[in-house]
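# Architecture at a glance
The chain contents come next:
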Amino acid sequence: MAESASVQHRRACHLCEAICGVIIETRDDQIVSIKGDPDDPLSRGHICPKAVALQDIHTDPDRLRKPVKRVRSAAGEFKHVTIEWDEALDLAADGLVNVIERFGVNAVAAYFGNPAVHNYGLLTHQNALFRHIRTNNRYSATSVDQLPHHLVSLWLFGHKLLFPIPDIDRSQYFLMLGANPVASNGSIWTVPGVKQRLKDLVARGGQLVVIDPRRTETAELATSYFPIKPGTDAWLLLAILNTVFDEQRVNLGHLASLVDGLEQVAAAVAPFSPEQAAEQTGISADAIRSMARDMAAADGGICYGRMGVSTQRYGTLCQWAIQVINIVTGQLDREGGSLFTLPAVDQVAAASPGGFGRHQSRVRGLPEFDRELPVAALAEEITTPGDDQVRALFTAAGNPVLSTPEGHHLEQALEQLAFMVSLDPWINETTRHADVILPPTSPLEHDHYDLAFHVNAVRNTARYNPPVFERPEGALHDWEIFEALGARVAQRLGVTPKPSMPPHAMIDAGLQAGPYGTHTEQGLSLARLQAQPSGVDLGPLKPQLPGRLRTPNGRIDVAVGAVLADCERLLADTELATPGYRLIGRRHVRDCNSWMHNYRRLVKGKGRCTLMMHPGDAEREGLTTGDWVQVQSRVGAVDVELEITEAVAQGVVSLPHGYGHHRAGTQLNLAQQHAGVSCNDLTDTDYLDALSGNAALNGVLVQVQRAKSPTAVQQ
Ligand code: SF4
């Protein structure tokens, strides 16, 4: 029999924020190869080792193809059995409406995981369900990640999505804190091929200064690397600001007539001298002053901080200070500094700007942001009796048992729910508690437009790609699940459902009305993008202020009252003086989230879930590489293999994120050495950025001692 011809499909990889263009070659229903797309104007042919996982996700035998419901076996154990779509959607609607009718709408909570932003149908159609469930109990991965970025963007620039993006290709000085883009490929900074871009910066005589408690893969490329005591970045940043003001280096450039509040900021940072910051951070006062001077003098300078500084007890203060450093050194809104994007579908124009503190969590009074509560509050909202106690949970593309603080306690709380439904392709550590799981089509079975990450990209581009494979008969896309479930919920509540247009039609409307739309020279529409499957180049980032600002008065007020008050909280804080090891996270280039540990190409070889410890600490504890140790925090303990390395500073230990797949009842086909332990069995729902409610996953106080046996992987 003659072999079928192969077909090449151009596509964006949706696995991480870099959104690289790929060429997927298929023959019949098989993937033959996955390569970088050299014609993609953003990624220029770059891919990372994770791209091959696109194939493993599609063919994963553990991925659900049909809905399942949870039943109790004769032996009393829970298991999930396959059911048809009509039964599954009816069960889901009945379960949700039953709780709403008995306990009110706030008794239903929703949690959206990080993969939701990588799949545009999940973003465009949530409202098809949630316009009928207007609960105050919405949660997402935002509050274990980038909430401080959104809050600072709202306060300084007037919109939660107005992120200043490092213009690395034209920069001469890059001060980077708590970020490891060589492993992550960039975050809140869509920058495919970042490793080469960092090397190019250094090769043209620029400086890359990396601040991190761990000598990361990115730090290895740096012209200067400074280990910092976990949780003290705010001290460093405020001391840099102190120096800029003290040495009269403030230069606002073309923003001079736009910025208010400098005097209040100068007064607030006055107590944070470089000498005092040196005591707190372990970085010398001379080095801190040099950072301030180099930022102020650079012909294109960037101050950027990511996960490591967001997820600590002063995450919002850190992100505010980073942007104020960019502003007062004249590096915001200039080429080679930090610039705002202008995406083809402009979310800044289309989405709400966000808001803060308009309601609080019931039990602890944590503030909402953008109609979401901090996820650190979710377990207590389920377990604490009273009006509006959470009785039902909807999750989409999330695994909060592994990715939110005190995941083991959330796991116990899930069993107290009256009803749980998950929109998810896997039975994982969270969804295994669901009464019904509704699996969407594989990512390669639906079309793709990246709605989220063009907002953060180093260049303005756009691409739309059709599905690679036909969907199996009867399978539903995630947006269709929202539509179908929303219609059933509406019907049961006596409301007339409103069908929405499909996601590609929304994108077409957004493109046509957008800044490069049919009223402009570029004339962008969906049809135009379809004709250019590798994407359309819309040019480099450009200065856009004041026009891009969305603040009510069109100005930037850097003296944010809540942040200035937080400076005083930091000054009075003695928590970091408590002796013990400080736990930080880490990420490997083959990791992204908890959902990527089921792919043989990504997890082959030696297990990566080890506790890193400095040789000096290990010697003092009498430990050697390969020993099993117990790590204990205020809220939990895990047993894990030790890895001794000079990459972490003394007093610091590091566990990677997203592991802990040893729980019974999941349907994942993981080898034992890759199951690992969850760092979120150690993180603490009381250990937060008090200003925003964002989880402080870094800097958690732990003790380390020899374990009796490797019990964690035997559970
Ligand atoms: S860097 Fe991210 S987007 Fe690019 S190939 Fe790797 S996983 Fe995919």
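Residues numbered from 1 in each chain as written. Predicted model: local features only at pLDDT ≥ 70, side-chain atom pairs only at ≥ 80, totals over all residues.

## What about the overall build of the chain?
- Each helix and strand counted, the chain has 24 helices and 30 strands in total.
- In terms of overall size, the chain behaves like a compact globule, its C-alpha atoms giving a radius of gyration of 25 Å where 715 residues would be expected to give roughly 27 Å.
- With respect to the three principal axes, the spread of C-alpha positions in the chain is 70 × 70 × 60 Å.
- For the chain, with 715 residues in total, the buried portion stands at 57%.
- Considering only contacts within the chain whose residues lie at least 6 apart along the sequence, 75% involve residues at least 24 apart. (Helix = DSSP H or I, 4+ residues; strand = E, 2+ residues; numbered from the N terminus. Rg over C-alpha atoms; globule rule 2.2 N^0.38 Å. Buried ≥ 20, exposed ≤ 12 C-beta atoms within 10 Å, placed from the backbone. Contact = placed C-beta atoms within 7 Å.)

## Some points on the site of the ligand
- As a structural note, the neighbourhood of the ligand is formed by Cys13, Leu15, Cys16, Ala18, Ile19, Cys20, Ile47, Cys48, Lys50, Ala51, Asn185 and Pro192.
- Split by residue class, the shell around the ligand holds 10 nonpolar, 1 polar and 1 charged. (Near = placed C-beta within 6 Å. Nonpolar A, V, L, I, M, F, W, Y, C, P; charged D, E, K, R; others polar.)

## Side note on the nonpolar core
- By size, the foremost hydrophobic cluster in this structure holds 110 residues, and its most contacted members are Leu96 and Val653.
- There are two domains that each give this core at least three residues, and those are domain 2 (68-135 + 381-537) and domain 4 (574-714).
- For Val653, the contacting residues outside a window of four places in its chain are Tyr581, Leu583, Leu611, Met612, Met613, Val631, Val648, Val702 and Val704.
- Residues Val209, Ile211, Ile283 and Leu317 belong to the second largest nonpolar core, which totals 106 residues. (Core = buried A, V, L, I, M, F, W, Y, C linked by C-beta atoms within 7 Å. Domains from an automatic or database assignment.)

## Overview of the sheet that holds strand 3 (residues 30-36)
- In spatial order, the strands read 1-2-3; together these 3 strands make up an open sheet with antiparallel pairing. One side of each edge strand has no neighbouring strand; the edge strands of this open sheet are strand 1 (7-12) and strand 3. Averaged over neighbouring strand pairs, the angle between their axes works out to 25° when direction is ignored. (Pairing = 2+ DSSP bridges. Axes fitted to C-alpha atoms, helices over the stretch in contact; angles between N-to-C directions.)

## Quick word on the domain arrangement of the chain
- Per the domain assignment, the segments of the chain are domain 1 (7-59), domain 2 (68-135 + 381-537), domain 3 (147-343 + 546-566) and domain 4 (574-714).
- Elements with a contribution of two residues or more to the side of domain 3 that touches domain 4: helix 5 (147-157), helix 6 (181-184), helix 12 (307-310), helix 13 (315-328) and helix 21 (561-572).
- Here the residues of the side of domain 3 that touches domain 4 sort into 10 nonpolar, 10 polar and 4 charged.

## What to know about the pairing of strand 4 (residues 68-72)
- Both strand 4 and strand 5 (residues 78-82) contribute to a ladder of 5 bridges, which runs antiparallel. In the sheet register, Lys69 faces strand 5, and the bridge partner there is Val81.
- In this structure, the hairpin formed by strand 4 and strand 5 is closed by a connection of 5 residues, where Gly76 is found at a positive phi of approximately 90°.
- Summarising the sheet, strand 4 and strand 19 (residues 436-438) pair through 2 bridges and their orientation is antiparallel. Bridge pairing in strand 19 links Lys69 to Val436.

## Some remarks on the pairing of strand 15 (residues 356-360)
- Sheet analysis places strand 15 next to strand 16 (residues 367-369), joined by 2 bridges and oriented antiparallel. The residue of strand 16 that forms the bridge with Gln360 is Pro367.
- A loop of 6 residues connects strand 15 with strand 16, the two strands running antiparallel in sequence, and Gly365 in this loop sits at a positive phi of about 75°.

## Examining unusual backbone geometry
- Leu545 connects to Pro546 through a cis peptide bond whose omega is 10°.
- Take Pro546: it is sitting in the loop between strand 23 (536-540) and strand 24 (556-557).
- The phi torsion at Asp370 lies on the positive side, around 55°, for a residue other than glycine.
- Take Asp370: it is sitting in the loop between strand 16 and helix 15 (378-383).
- A tally of 19 C-beta atoms within 10 Å means that Asp370 is categorised as partly exposed.

## Overview of the sheet that holds strand 13 (residues 301-305)
- Spatially, 11-10-9-13 is the arrangement adopted by the 4 strands of the open sheet, whose pairing is parallel. Lying at the two open borders of the sheet, with one neighbouring strand each, are strand 11 (224-226) and strand 13. Sheet twist, expressed as the average angle between the axes of neighbouring strands with direction ignored, equals 10°.
- Here 5 bridges tie strand 9 (residues 173-177) to strand 10 (residues 207-211), and the two strands are oriented parallel to one another. Bridged to Leu177 within strand 10 is Ile211.

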